Amino acid sequence: MARLRHRGSARPDRSAGGPPADERVSLRSLRSLRSVVGQMFLVQLVVVVLIAVGAGLLLAFTVQHENKQAATQRALAVAQGFANAPGTAAAITGPGASEVLQPQARAAMAGADVDFVTVVDRDGVRLTSAIPSLIGRRSNQDMAPLLAGHTAVSQTMGSFSPQYRAFVPVRDTDGRVVGAVGAAVRMSSVSDAVARQLPVLLGGAAVSIAVITAGAALVSRRLLRQTHGLGPAEITRLYEHHDAVLHAAREGVLIVDGDGVLLLANDEAHRLLDLPPDARGRPVRELGLPPPVAELLVSNRDASDEVHLVGGRVLGVNQRRTGEDGGPPGSVATLRDSTELRALSGRAESASNRLSLLYDAGLGIGTTLDVRRTAEELAEVVVPQFADFATVDLVAPVLRGDEPGESAEHRFRRAALVGVGESHPLFRPGARLLLAEDSPQVRGLRSGRAVLVPDLREARSWQAQDPQRALLVVNYGIRSMISVPLCTRNAVLGVANFWRTADTGAFEQEDLALAEELAARAAVCIDNARRYTREHGMAVALQRSLLPSGLPEQNALDVAYRYLPAQKSVGGDWFDVIPLPGARVALVVGDVVGQGVQAAVTMGRLRTAVHVFAALDLPPDELLTHMDELADRIDRESTAEAGQGIIGATCLYAVYDPVERRCTMARAGHLPPALVAPDGSVRFLDLPAGPPLGVGGLPFETAEVVVPEGSELVLYTDGLVEERGRDIDEGLADLAGVLARTRGEPEDVCTAVLDELLGGRATDDTALLVARTRALPRDRVARWDVPRDPAAVAEVRARAAGRLAQWGLGSAGFTTELILSEMVTNAIRYATGPISVRLLLDQRLICEVWDGSGTAPHLGHATPTDEGGRGLFLVAQLSERWGTRYTENGKIIWSEQQLPSGYTPPREDSGENVAHPA
């Protein structure tokens, strides 16, 4: 050993005046290919060279590809820049195009370093060229794709290198293609810059090869130096030292060859297996070992921690094969005395099982926010790992989501039961339980700790509260019980009971801690579920209170609706049907982004605002503009108060006029409505999208569509057609398919759509509105033009009286004549433009006076001495309601009167002066 230490620490011999001895050995080994170190160095050198060559080839191909891409992109960028430059389109179509564009093209060629910049007109005639003589001649460029609005990119072979060309269409202000601009770049002009960098790259590669080669040489020399040049004597000494350590180890070691002969056994192996002194060199089967151990040693198979009993000792055996890496066949086995550890393994395994159960409880309890399901998860986790049966009994308020409260009576309802058998005598879920004061459950509730009943046959207090049921339980074989209170925040939620049968064994004191830990975790999850149930119920109630409870009376549309709240949380979807003056009806569908109470409250505010703006009879685009401002203000207020605001909201507002069968619509980021024609064809109306409410930035636009009578307008929110992992176009296609297949009333359409698209469940809020259009009959509309002459008022009154007589409303003639007289007189005196009168017979008698003025009249209060000022006051007194709405060409003053009780409108067409615009 002393010699080994001296040899390992000896200094290099420099007596010869040359390099150290180990350095000379290293250099010779590197030069000699017969040594392992020399061969390894040669292999490393070859690999480095191959990598360098491969990198060079890859670089060449990459440079060529990048040159092509750069040339194409430069030509395309120059052509696009020149084509989109201000004045290019005007110059092409204007006089003297070549004189204007040729200098600009030359400047662009010089500045962008391209071969040419050519401008051609729609016929392909050159307006500019790098060769002036070609100006005015037709280019060989195909103009068809350019006139279609497409960009043309091509490659040609130039004089010295490939040339890449790009032609871009030029559009005038109307979007019409008036010509094209082309540019070309040679490959050589692009590759010159890269070629200047190639020497640097190649030099870097050469330096890298040199550095890697030097590193390989250093590594090879290092490996040689680590052997220390040991000779046979030193190797023998090292083996002796290894043998001494092997025999001194406290773990048995056996080496067996492929024929089952024992080659080596250290002292510990002799002691553990009681091997004879001459065991080395003998077959293992002749050593008198137990058959399982002997079979394992000669099997030449791998084994890990196999336990075998030998001579009263418990041995842990590990075995590995030795011939897999080219060595001699056989195996190496190690033996470890595990007799003392075996006594502790039972307790360790039990502790491990408990930890595993707690881990499973952490993952398995509380996966949902449902009180009953959480109770079931607790029972499912403990059966059968901890108990044969598990029951969870909760107080009634907890199941409803309310606070548990305090009660002198211990009344519970069974929420969950899980067991290993089905035909047991325990109470089923849903049963009502009244616990006695001295029962184990109540004792646990008073103490706040788990109560153990080791033998139910001797538990008199447990049997006393229901002797007949207790006898059934005992006869079934249930012998032991642990009752644990479910408490949180000093409130009692319920009781968890764990039961074991005689086959499993009774509970022990050490099981109480585990039961309490399981119950504590479950109690927190149940309380969270209770809180969520309460808050979700409040949110749903709030949301439903903010939505319309029914549909208003109107004759323009036959409407049906459905609203499905999300399963997990409430949202901000809403809908509305709002009657408007002139027998019109407004349909509204909206969606506030997000979920929760905040979204529901925001929805309520937006819905109220829609009603207010609709009462002002604003056009759809103006209404959405005001809604956008309101949503932005709500967003800022919410951000200032709570630190976060709504992301936005979408809305679709449509107004249907049954007189003209015209629907006017605008949308703010909402999905377009579907229109189902009377023949069953379905199309989605192409409306300008507009930004969502609260985002701002772009104006809203209104679209109008004439709707045939009997058509269906289908408005919906994204929850109906949007689904994670599916394109929204697929959802719209599915909706169109259902609408095309479904016939019947709007109620039937709503049911079919929800059944086929959602199947009764909604991951997001869903609102659906189906409105079948009606048209006001022609004989219930009368319209007359009124000249600007006060004398025309009498003729208006006479015509109105005649029309009312045809409608069977002669009793309302005087009142209607007076209303029309005042409104027409007011228009003649103060308004401008043409004046017309329209009478509509709908649910009410509607009088409308149209004029071209944009000034609204105001209701005044005349003094006793005033000669005028009482006209609108009379209109307001005689009408059920009146108002003003604005049109593109002026305004309409309208009034509505109640029809007599029991009145039935006539069905026949009166003929004269009846207008029904298409």
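Everything numeric in this text was worked out from a predicted model, so none of it was measured.

Quick notes on the rules
- Residues numbered from 1 in each chain as written.
- Predicted model: local features only at pLDDT ≥ 70, side-chain atom pairs only at ≥ 80, totals over all residues.
- Heavy atoms only, no water.
- Helix = DSSP H or I, 4+ residues; strand = E, 2+ residues; numbered from the N terminus.
- Buried < 20%, exposed > 50% of the residue type's maximum accessible area, 1.4 Å probe, protein only.
- Areas by Shrake-Rupley, 256 points an atom, 1.4 Å probe, with all protein chains shown as cover.
- Contact = heavy atoms within 4.5 Å.
- Salt bridge = Lys/Arg side-chain N within 4 Å of Asp/Glu carboxyl O.
- 1 Å grid on protein atoms, 1.4 Å probe; cavity = no way out; pocket = protein on both sides within 12 Å on 5 of 7 lines; lining within 4 Å.
- Points joined across faces, edges and corners; volume = space filled by probe spheres on them.
- Nonpolar A, V, L, I, M, F, W, Y, C, P; charged D, E, K, R; others polar.
- pLDDT = per-residue confidence, 0-100.
- Pairing = 2+ DSSP bridges.
- Axes fitted to C-alpha atoms, helices over the stretch in contact; angles between N-to-C directions.

## Overview of the overall build of the protein chain
A tally of regular secondary structure across the protein chain gives 24 helices and 30 strands. When the 918 residues of the protein chain are sorted by exposure, 44% land in the buried category. In the structure as shown, the protein chain presents an accessible area of about 47,000 Å², 54% of it carried by carbon and sulfur atoms.

## Re helix α10 (residues 291-298)
Turning to α10, its buried residues number three or more, namely Val293, Ala294, Leu296, Leu297 and Val298. The inward-facing, buried residues of α10 contact β5 (252-257), β7 (303-310), β8 (313-321) and β9 (330-337).

## Concerning the pattern of salt bridges
As a working rule, side chains carrying opposite charge can pair if their charged atoms are close by. Applying the stated criterion to the full structure yields 40 salt bridges. Glutamate 510 serves as the salt-bridge partner of arginine 354, at 3.4 Å between the closest nitrogen and oxygen. Taken together, the residues arginine 354 in helix α11 (residues 339-364) and glutamate 510 in the loop between β15 (491-501) and α17 (511-546) connect sequence positions 156 residues apart. Between aspartate 527 and arginine 530 there is a salt bridge, with the nearest N and O atoms lying 2.9 Å from each other. Remark: arginine 530 and aspartate 527 occur in helix α17; sequence separation between them is three residues, near one turn of the helix. Classification of aspartate 527 by relative accessible area gives buried; the value is 4%. A single salt-bridge network, built from bridges that share partners, covers Glu403, Asp527, Arg530, Arg531 and Arg534.

## Details of the layout of surface pockets
Roughly 940 Å³ of internal volume is contained in the largest pocket. As for the largest pocket, its lining consists of 33 residues, of which Glu704, Arg885, Tyr886, Thr887 and Glu888 are closest to the centre. A breakdown of the residues in the lining of the largest pocket according to their chemical character gives twelve nonpolar, six polar and 15 charged.

## Quick word on the confidence of the model for the protein chain
Scored by pLDDT, the protein chain comes out at a mean of 81, with 84% of its residues at no less than 70. Predicted confidence is poor over residues 1-27, with pLDDT under 50, and the contacts of this stretch with residues over four places away or in other chains come to 23 contacts. Note that pLDDT drops below 50 for residues 910-918; the model gives that stretch 29 contacts with residues more than four away or on any other chain.

## Describing the sheet that holds strand β14 (residues 478-488)
On the basis of which strands lie adjacent, the open sheet formed by six strands has the order β12-β11-β10-β15-β14-β13 and antiparallel pairing. Because the sheet does not close on itself, it has two edges, and the strands there are β12 (432-434) and β13 (451-453). Averaged over all pairs of adjacent strands, the angle between their axes in this sheet comes to 25 degrees, without regard to strand direction. Sheet analysis places β14 next to β15, joined by ten bridges and oriented antiparallel. By the bridge assignment for β15, leucine 486 is matched with glycine 494. Each of β11 (411-419), β13, β14 and β15 touches helix α14 (residues 440-447); the most contacted strand, β14, lies at about 35 degrees to it.

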